[in-house]
Amino acid sequence: RIGGLNMSLTINHQTNDISNATGTVTVNGTEVGGDNSPVWYGSRGLFGGGGGPVNTIDYITIASTGNATDFGDLTVAVRQLAACSSGVRGVFGGGNSGSNTNVIEYVTIATPGNAIDFGDLTVARTSLAACSSGTRGIFGGGTGYPIDYITIATTGNAIDFGDLTVNRTNLAACSDGTKGVFGGGAATYNTIDYITIATTGNAIDFGDLTAGRKDLAACSSGTRGIFGGGWISANSNIIDYITIATTGNATDFGDLSVARSAHASCSDGTKGVFGGGYAADSSDIIDYVTIDTTGNATDFGDLTVARYQLASCSGA
């Protein structure tokens, strides 16, 4: 049992390969995935990169409030990147390191240390978003706009997946392991669209956010997706939610503890955590919500370095 999740992992003992670990996650009595379905989140949350840019990666134990701890470093200092995970391997892609980059790199989430080169996105770009099925990682939007995919357990270059319904930057993404959902974006779009992660093809309209905004963050419980914060005409504290399996417009959830934009989010399937961002200045704030309820966010702790335009993922 990991961070509120009932998780069983299948390990290849001949190769010690846990990069494609599979299992069953039970969230509030609801099973997510079958016996051999990958898990795409877990008990440890990672926050990587951000404005400066910096190469910092730090981590938290999502079930326990408290300050973040140093994890290691990205291969290059980068901001405006995106991240996703297999539940075991965390993958960071794209961003700006002085110019737009196509670099993809990864870490093993359970083991603190520096990131390792994974491959390249199809297009160098920044201000993109990412989500995962646990097997396949998806990078969508940003400057250059395409949707790409990777197989997280296997290093290599990304492959073209399709296109969003609206080309846009500064958006956020989450998934239920089957459907990947992209919300918001510049210039203050309220658009939500979705893909089926295991296939390829163009995104389909899902519905609308409660308020159009950019530089927001998203995470999920496997059933419910939440979108928090962002920029409208000023920093926003809005949190809204969707039921990922059912298309439709978002519903009000509550408020972040501090209005901010350009932050990042991850979850352990129960608790959704928002870290960093830009409030009056670069922020080290971490706050959290219980995803399958509604209500305002509560203080969690602080990042090791105040920063915005960072990326986040989680795993065991």
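For the structure itself, look to the data block above.
What counts, and at which threshold
- Residues numbered from 1 in each chain as written.
- Predicted model: local features only at pLDDT ≥ 70, side-chain atom pairs only at ≥ 80, totals over all residues.
- Heavy atoms only, no water.
- Helix = DSSP H or I, 4+ residues; strand = E, 2+ residues; numbered from the N terminus.
- Buried < 20%, exposed > 50% of the residue type's maximum accessible area, 1.4 Å probe, protein only.
- Contact = heavy atoms within 4.5 Å.
- Pairing = 2+ DSSP bridges.
- Axes fitted to C-alpha atoms, helices over the stretch in contact; angles between N-to-C directions.
- Disulfide = S-S within 2.5 Å.
- Salt bridge = Lys/Arg side-chain N within 4 Å of Asp/Glu carboxyl O.

Enquirer: Just checking my understanding: could you explain the overall build of the protein for this structure?
Expert: Scanning the protein from N- to C-terminus turns up zero helices and 26 strands. Residues counted as buried form 58% of the 316 residues belonging to the protein. For the protein, the share of sequence-separated contacts (at least 6 apart) that also reach a separation of at least 24 residues comes to 53%.

Enquirer: I tried to follow the sheet that holds strand β10 (residues 129-132) on my own but got confused; where do I start?
Expert: Strand-to-strand pairing in sheets goes through backbone hydrogen bonds, with the strands running parallel or antiparallel. Here we have four strands laid out as an open sheet, ordered β10-β11-β12-β13, and antiparallel in their pairing. Looking at which strands have only one partner, the edges of the open sheet turn out to be β10 and β13 (159-162). On average, each strand axis in the sheet is tilted by 30° relative to the strand beside it, whichever way the strands run. Pairing between strand β12 (residues 147-151) and β13: three bridges, direction antiparallel. Paired with I147 across the bridge in β13 is G162.

Enquirer: I would appreciate a short explanation of the sheet that holds strand β9 (residues 116-120) in the present structure.
Expert: One open sheet accounts for four strands, arranged β6-β7-β8-β9; its pairing is antiparallel. Lying at the two open borders of the sheet, with one neighbouring strand each, are β6 (82-85) and β9. The mean inter-strand angle of the sheet, taken between neighbouring strand axes irrespective of direction, is 25°.

Enquirer: What's the story with the state of the cysteines in this structure? I'm lost.
Expert: A covalent bond between the sulfur atoms of two cysteines is what we call a disulfide. The full count for this structure, using the stated rule, is zero disulfides. Cysteine C84 remains unbridged, with the sulfur of C313 as its closest cysteine sulfur at 7.2 Å. Note on C84: relative accessible area 4%, which makes it buried. You can see C219 has no disulfide; the closest cysteine sulfur is in C266, sitting 7.2 Å from it.

Enquirer: Explanation requested: the pattern of salt bridges in the structure shown.
Expert: Side-chain pairs of opposite charge can arise where the charged atoms are in close proximity. All chains considered together, the criterion is met by five salt bridges. Taking the shortest distance from any N to any O, the salt bridge between R307 and D58 comes out at 3.0 Å. With R307 in the loop between β25 (298-302) and β26 (311-315) and D58 in strand β4 (residues 54-61), the pair connects residues that are 249 residues apart, well separated along the chain. There is no split in this pair, since R307 and D58 are both buried. Close ionic contact of R213 with D240 constitutes a salt bridge, the shortest N to O distance being 2.9 Å.

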